[in-house]
Amino acid sequence: MTFDPAALLQPDRGQPARLIHVVRPEAWEAWLGAQPPRIRTVVAAHRLTGKPGNRAVLPGDKPEDWAMLLVCNESLDSPWRIASLGEQLPEGTYRLAEGEPGAAMLGWCLAQHKFDRYRSDEIPVGARVLLTGEPARIEETVRLARATAKVRDLVNTAAADLGPAELEAEAQQLAQAHGATVAVTKGHALEKGYPMIHAVGQAAARGREPRLIELEWGNPSHPRIAIVGKGVCFDSGGLDIKPSSGMRLMKKDMGGAAHALALAGLVMAARLPVRLHLLIPAVENSISGNAFRPGDVLRTRKGLTVENTNTDAEGRLVLGDALTRAAEENPTLILDFATLTGAARVALGPDLPATFANDEALAAALLAAGTAVGDPLWRLPLWDGYDDMLSSDIADLVNAPDGGFAGSVTAALFLRRFVPEGTPWAHFDTFAWRPSSKPGRPKGGEALGLRAAWAMLKGRFPA
């Protein structure tokens, strides 16, 4: 089923629609007291008490004029306030009985997005259309819904169907839609210019060769921004092979690339006044006779040498070469997204992307944007005191320090070695996955940090 959020939102011009009553728990008694006897009878029959999650179908003057009641403690600016209704209500047209949906339009749309590529038993459900008196918000909401759905779909796709070549095809499709250009460096051509990307991906099968995908768009006279996304399409762990439990979800290790593609699409669709440089190092971390080994010393595009202490710490390697390439164009800003460390998940759980920044103004803007749009971030420190953990006895640095302490911090410090001092840079160590379902947010691939980054860019580079 094609997901079309534009069909799920319409300007409210007084057309017929069923009402949705959204009541906060503290307003329950006042709301109930204002209702006619037939409504109070239904509420009593359902034994509703005004607790969050209480819901009921309310009768109207005619059988077809029923309305929906939802008790919800989500804030008025939460995208997920009515998402559960977007999932469960029957096909039809709806409007809120009081107020405007605002940010909740996004959750309404995303609740109707399904990843059904591999399912043969899905029964189609017609559109649930939400009316709004804020038509100016519809276009932006539709863009965000499409971008979020794109991340989810890419991350949910099985690795057999989404390798480096397919990520390249996604970039090409995006370029065609917006008049951008794409350049790709692939296979053995990476050996000299991007040796870490080549090393990580060199063991992959034919047709799944490593590559650096670069997309450029916009007026060259505008400020240049770089968006980098880790595109490890499957991560076996390499010769430091993961256990089966750790490998189960490694189709999602290209989640950073999915975020980068979606964010680039938002930038171009809104025609922000920037010169966009999107970079995706796309690889498969496989095992074969020519796989890179623990103890190998890798050259880098920047000229540093890296002692590879763990082939399962490959994401930071491919990002290092991509960040170096991004920096060569003197951008005013670099953002990178990566499903980089399990340490970030241990510290912050699945919902909060660990966010690192070398610029205080950028960090503050990102955190504020995330709070404003309901896409929270949590800043962790680029702690200089841990930088010596990256020391090597035989090379300029290691990719994974011994001991396991501060794993997400040392990974970010590794990336910082490839960002020029003075260039504002932020790194999102995002999970890109939801381990359990919530309204509008099914179990599976998820965009975490995307809307926060987009809100920051809109504020910094207004169209």
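Please read these numbers as outputs of a predicted model, since none were measured by experiment. (Residues numbered from 1 in each chain as written. Predicted model: local features only at pLDDT ≥ 70, side-chain atom pairs only at ≥ 80, totals over all residues. Heavy atoms only, no water.)

Asks: Outline the packing of helix H5 (residues 135–156) against helix H15 (residues 450–460), listing residues and values.
Replies: Running from N to C, H5 and H15 point in directions that differ by 140°, and their axes come no closer than 11 Å. The orientation of H5 with respect to H15, classified from their angle, is oblique. The hand of the H5/H15 crossing is right-handed. On the side of H5, the interface is formed by Glu140, Leu144, Ala147, Thr148 and Val151, while H15 contributes Leu450, Arg451, Trp454 and Lys458. Of the residues contributing to the contact of H5 with H15, the split by class is five nonpolar, one polar and three charged. (Axes fitted to C-alpha atoms, helices over the stretch in contact; angles between N-to-C directions. Helix = DSSP H or I, 4+ residues; strand = E, 2+ residues; numbered from the N terminus. Parallel < 35°, antiparallel > 145°, perpendicular 65-115°, else oblique. Left-handed = near helix turned anticlockwise from the far one by under 90°. Contact = heavy atoms within 4.5 Å. Nonpolar A, V, L, I, M, F, W, Y, C, P; charged D, E, K, R; others polar.)

Asks: Please provide a residue-by-residue account of helix H2 (residues 37–45), values included.
Replies: Buried within H2 are the following residues: Ile39, Val42 and Val43. For H2, the arc enclosing every buried residue in end-on projection is 100°, short of the 170-degree limit, so these residues lie on one face. More than 90 degrees from the buried face of H2, the exposed residues found are Pro37, Thr41, Ala44 and Ala45. Buried residues along H2 sit against helix H1 (28–33), strand S3 (55–58) and strand S4 (67–71). Once H2 finishes, Arg47 follows within two positions and takes phi at roughly 55°, a positive value. (Buried < 20%, exposed > 50% of the residue type's maximum accessible area, 1.4 Å probe, protein only. Arc of directions from axis to C-beta.)

Asks: Describe the side chain of Asn285, naming the residues involved and giving the relevant values.
Replies: For Asn285, the location among the structural elements is in strand S11 (residues 275–285). By relative accessible area, which is 1% here, Asn285 ends up buried. The residues contacting Asn285, other than those within four sequence positions of it, are Val200, Val232, Phe234, Asp235, Ser236, Gly237, Gly238, Phe292, Thr311 and Glu314.

Asks: An account of the sheet that holds strand S6 (residues 128–132) is requested, with residue identities and associated values reported.
Replies: Spatially, six strands are ordered S1-S6-S5-S2-S4-S3 in an open sheet, and the strand pairing comes out mixed. The two strands at the open ends of the sheet, each matched to only one other strand, are strand S1 (9–11) and S3. Neighbour-to-neighbour, the strand axes of this sheet turn through a mean angle of 30°, independent of strand direction. Judged from the four bridges that link them, S3 and S4 form a sheet pairing that is antiparallel. Paired with Arg55 across the two strands is Leu70, which belongs to S4. In the packing of H5 onto the sheet, the strands contacted are S1 and S6, and the crossing angle to S1 comes to about 160°. (Pairing = 2+ DSSP bridges.)

Asks: Outline the packing of H5 against helix H10 (residues 255–269), supporting the account with residue identities and numerical values.
Replies: In helix packing, the relevant descriptors are the interaxial angle and the interaxial distance, both defined with respect to the helix axes. Taken N-terminus to C-terminus, the directions of H5 and H10 make an angle of 160°; their axes are 9 Å apart at the nearest point. One element, H5, and the other, H10, form an angle in the roughly antiparallel class. The two elements H5 and H10 cross, and the hand of that crossing is right-handed. In this structure, H5 uses Arg143, Leu144, Ala147, Val151, Leu154 and Val155 to contact H10, whose residues at the interface are Gly255, Ala258, His259, Leu261, Ala262, Leu266 and Ala269.

Asks: Which residues make up the nonpolar core, and what are the values?
Replies: Where a protein is soluble and globular, its nonpolar side chains tend to be buried together. Of all hydrophobic cores here, the largest spans 85 residues; its most connected members are Trp108, Leu167, Leu215, Leu263, Leu276, Leu335 and Leu457. It is H10 that contributes the most residues to this core, 10 residues altogether. When near neighbours in sequence (up to four residues on either side) are disregarded, Leu335 contacts Ala226, Ile227, Val228, Leu263, Ala426, Phe428, Ala453, Met456 and Leu457. Counting 41 residues, the second largest nonpolar core, distinct from the first, contains Tyr194, Ala199, Leu319 and Ala338. (Core = buried A, V, L, I, M, F, W, Y, C linked by side-chain atoms within 4.5 Å.)

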